[in-house]
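# Architecture at a glance
Single-letter residue listing:
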Amino acid sequence: MSFCSNCGQKLATQIKFCPSCGTKISGVTSGITSSQHLKEYQEKMYKNTVISLKSEGQKIIQNKAKEAFSSFAKHKFKTSESTQPIAEVFKPAKTFNNEVNKPVSSASKINKWTWIYIVINALLVYFGSQLEEVVGVLFFSFFILLIVFIRRKKEKPYHWLVKIILVIQLIFLVALVVDRLENITTITILLMGLLITNLMLLFNGNKS
């Protein structure tokens, strides 16, 4: 007995086409034994099953990916609808930036007494740089101005260290002015002006 190599249908002798699937039956095909047919049929079914499973798996993966993407897009859309409008969302941030910038800009300004202090020290350099007493005063002024300009963006540029140096310089200035009262010169006037400015910086240095 022979079988169809395509569908496995039993074939009668001397038949040219399979009555089940219509496959043409050759002389070699009609002579296939039952064991050979079963083996070929199993291999063919295995290949067809693998191809079918692969195709179904690809379809399932594509469907799952589409569902996940649509779910994510829908969730994102709902979140954006429930939130505030863009203008209202950014409004608090803008207000916060304005509030932050205001103290920084005001703190970065050097007050008028600091500028007077700078001018008097510049005049002392011009008129009295050859005097040892003036050089001593300018030594303190250099460190005071250096620290103040480094801390000019801070809320209090004249912090405790600057005030300590100001007090030491103030004591030194008082001694120099008292010693020079008998002979008043340009240097004496500048030292008196620096003394007054020193006092103002101690109490009003951190005020704009």
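Residues numbered from 1 in each chain as written. Predicted model: local features only at pLDDT ≥ 70, side-chain atom pairs only at ≥ 80, totals over all residues. Heavy atoms only, no water.

## Concerning the overall build of the protein
What counts, and what does not: Every helix listed is a DSSP run of H or I at least four residues long, and every strand listed is a run of E at least two residues long, numbered separately from the N terminus. Buried means the residue's accessible area, taken with a 1.4 Å probe over protein chains only, is under 20% of the maximum for its type, while exposed means over 50%, and partly exposed covers the values in between. Only heavy atoms enter the contact rule, under which two residues are in contact if any of them lie within 4.5 Å. Accessible surface area values rest on a Shrake-Rupley calculation with a 1.4 Å probe, where residue burial reflects the displayed protein chains alone.
Secondary structure summary: the protein contains seven helices and two strands in total. Put simply, the protein runs from its N terminus to its C terminus through helices and strands in the order β-β-α-α-α-α-α-α-α. For the protein, the residues scored as buried account for 24% of the 208 residues in total. Taking the intrachain contacts of the protein between residues at least 6 apart in sequence as the baseline, contacts between residues at least 24 apart amount to 60%. About 15300 Å² of surface is accessible on the protein, with carbon and sulfur atoms providing 64% of the total.

## A look at helix H4 (residues 112-128)
Rules: In this analysis, the expected span of each helix is defined as 1.5 Å times one less than the number of residues it contains. Read the arc as the range of directions from the helix axis to the C-beta atoms.
In a regular helix each residue adds 1.5 Å, so 17 residues correspond to 24 Å; H4 covers 24 Å between its end C-alpha atoms and thus fits that length. Residues of H4 that are buried: Thr 114, Tyr 117, Ile 120, Asn 121, Leu 124 and Gly 128. One side of H4 holds all its buried residues, which, seen down the axis, span an arc of 125°. Structural note: H4 exposes Lys 112 and Tyr 126 on the side pointing more than 90 degrees away from its buried face. Close packing links the buried residues of H4 with helix H5 (132-150), helix H6 (160-180) and helix H7 (186-204).

## Describing the packing of H5 against H6
Condition: Here an angle of 0 to 180 degrees is reported between the N-to-C directions of two axes, which are lines fitted to C-alpha atoms, with helices fitted over the stretch in contact. Working definition: roughly parallel below 35 degrees, roughly antiparallel above 145 degrees, roughly perpendicular at 65 to 115 degrees, and oblique for all remaining angles. Crossings are assigned a handedness: left-handed for a near helix turned anticlockwise from the far helix by less than a right angle, right-handed for a clockwise turn. When residue character is reported, Ala, Val, Leu, Ile, Met, Phe, Trp, Tyr, Cys and Pro are called nonpolar, Asp, Glu, Lys and Arg charged, and the others, Gly included, polar.
The geometry of H5 relative to H6 is characterised by a closest axis approach of 10 Å and an angle of 160° between their N-to-C directions. Relative to H6, the element H5 is oriented roughly antiparallel. Viewed along their axes, H5 and H6 form a crossing whose handedness is left-handed. Judged by residue contacts, Glu 133, Gly 136, Val 137, Phe 140, Ser 141, Phe 143, Ile 144, Ile 147 and Val 148 of H5 engage Leu 161, Val 162, Ile 165, Leu 166, Ile 168, Gln 169, Phe 172, Leu 173, Leu 176 and Arg 180 from H6. Among the residues forming the contact of H5 with H6, the class breakdown is 14 nonpolar, three polar and two charged.

## Things to note about the environment of Asn 206
In plain terms, the rule: Throughout this description, a polar contact denotes any pair of N or O atoms lying within 3.5 Å of each other; where both atoms belong to protein, one of them has to be capable of donating a hydrogen while the other can accept it, and for residues adjacent in sequence the pair is counted only when both atoms sit in side chains.
Along the chain, the position of Asn 206 falls in the segment after H7. For Asn 206, a relative accessible area of 28% puts it in the partly exposed group. In sequence terms Asn 206 and Ile 110 are 96 residues apart; their C-alpha atoms lie 9.0 Å from each other. Discounting chain neighbours no more than four positions away, the residues touching Asn 206 are Asn 111, Glu 155, Lys 156, Pro 157, Tyr 158 and Lys 163. Within polar-contact distance, the side chain of Asn 206 engages the backbone nitrogen of Tyr 158 at 2.8 Å.

## A few points about H7
Since the α-helix packs 3.6 residues into each turn, any two residues three or four apart lie on the same face. The end-to-end C-alpha distance of H7, which contains 19 residues, comes to 26 Å, matching closely the 27 Å that a straight helix rising 1.5 Å per residue would cover. Turning to H7, its buried residues number three or more, namely Ile 187, Thr 188, Leu 190, Leu 191, Leu 194, Leu 195, Thr 197, Asn 198, Leu 201 and Leu 202. Its buried side turned inward, H7 meets H4, H5 and H6.

## Focus on the nonpolar core
Applicable threshold: By convention a nonpolar core is built from buried Ala, Val, Leu, Ile, Met, Phe, Trp, Tyr and Cys residues, the set being connected through side-chain atoms within 4.5 Å.
Among the nonpolar cores identified, the biggest contains 25 residues, and Tyr 117, Leu 124, Ile 144, Val 162, Leu 166, Leu 191 and Leu 194 are the most heavily contacted of them. Of all the secondary structure elements, the ones that give two or more residues to this core are H4, H5, H6 and H7. The residues contacting Tyr 117, other than those within four sequence positions of it, are Ser 141, Ile 144, Leu 145, Leu 166, Gln 169, Leu 194, Thr 197 and Leu 201.

## With respect to the packing of aromatic side chains
Counted only if it meets this: Working definition: rings of Phe, Tyr and Trp (its six-membered ring) pair if their centres are within 6.5 Å, and the pair is stacked with planes under 30 degrees apart, edge-to-face with planes over 60 apart, and tilted otherwise.
Applying the stated criterion across every chain yields a total of five aromatic pairs. Consider the rings of Phe 142 and Phe 143, whose centres lie 5.5 Å apart with planes at 80°: the pair is edge-to-face.

## Regarding a nonpolar patch on the surface
For the record, the criterion: What makes a patch is a set of residues exposed beyond 30% relative accessible area and free of salt bridges, joined within 9 Å when like-charged and within 5 Å when nonpolar (Val, Leu, Ile, Met, Phe, Trp, Tyr). Every case where a carboxyl oxygen of Asp or Glu lies within 4 Å of a side-chain nitrogen of Lys or Arg is listed as a salt bridge.
A surface patch of nonpolar side chains, about 530 Å² in accessible area, is lined by Phe 139, Phe 142, Phe 143, Leu 146 and Ile 150. The topology assignment puts Phe 139 in helix H5.

## Comments concerning the confidence of the model for the protein
For clarity, the cut-off: By definition, pLDDT measures how confident the predictor is in each residue, and it falls between 0 and 100.
Confidence along the protein averages 76 in pLDDT terms, with 74% of residues attaining 70 or more. Taken as a whole, residues 28-32 scores under 50 in pLDDT and shows 11 contacts with residues more than four places along the chain or in a different chain.

## What to know about the packing of H4 against H5
As a packed pair, H4 and H5 sit with axes 11 Å apart at the nearest point and diverge in direction by 145°. Judged by the sense of rotation from one axis to the other, the crossing of H4 with H5 is left-handed. Taking contact as the criterion, the partners of Thr 114, Tyr 117, Ile 118, Asn 121, Leu 124, Val 125 and Gly 128 in H4 are, on H5, Val 134, Leu 138, Ser 141, Ile 144, Leu 145 and Phe 149. Residue composition of the contact of H4 with H5, by class: nine nonpolar, four polar and no charged.

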